[in-house]
Amino acid sequence: MTQRKPSERLAESLRQDPPQLDDVARVRMERAFLGARRGEAGRPRRSSRRVSAFAWGVGIGLAAAAAFVLLRAPASSESSLALAPEQPASSARLE
């Protein structure tokens, strides 16, 4: 009498009485099988690190462009960004 390996005994028992799959497991297996046939499984996924590195690069580029524009602007005393015109000292007196 030859002794069989445990894996061979398990395989034989599964062939004789295969386990029944529930509906969820069966649907998952079918979806994975169909996805693999369409080539979806082999498609590389985009890395979130790559996207965040791109966003950082864009942000740094925009900051550098803004600094360049602000530093190149003429430094005149009459800027178009003045909020209020200057008032004479006599009209600023409170009674």
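Residues numbered from 1 in each chain as written. Predicted model: local features only at pLDDT ≥ 70, side-chain atom pairs only at ≥ 80, totals over all residues. Heavy atoms only, no water.

**Section: the overall build of the protein chain**
Piece 1. Each helix and strand in the protein chain was counted, giving three helices and zero strands.
Piece 2. The buried share of the protein chain, taken over its 95 residues, is 1%.
Piece 3. Element-wise, carbon and sulfur atoms account for 58% of the exposed surface of the protein chain, whose accessible area totals about 10100 Å². (Helix = DSSP H or I, 4+ residues; strand = E, 2+ residues; numbered from the N terminus. Buried < 20%, exposed > 50% of the residue type's maximum accessible area, 1.4 Å probe, protein only. Areas by Shrake-Rupley, 256 points an atom, 1.4 Å probe, with all protein chains shown as cover.)

**Thoughts on the pattern of salt bridges**
Piece 1. One pass over the structure, following the stated rule, counts three salt bridges.
Piece 2. With a shortest N-O distance of 3.7 Å, E12 and R15 are connected by a salt bridge. Here E12 and its partner R15 are both found in helix 1 (residues 6–16), three residues apart, which amounts to about one turn of the helix.
Piece 3. Residue E30 is joined to R26 by a salt bridge in which the shortest nitrogen-to-oxygen separation is 3.2 Å. (Salt bridge = Lys/Arg side-chain N within 4 Å of Asp/Glu carboxyl O.)

**As for the confidence of the model for the protein chain**
Piece 1. Residues at a pLDDT of 70 or more form 62% of the protein chain, whose mean pLDDT is 75.
Piece 2. Put simply, helix 2 (residues 23–38) is where the protein chain has its lowest mean pLDDT, 82, and helix 1 is where it has its highest, 88. (pLDDT = per-residue confidence, 0-100.)

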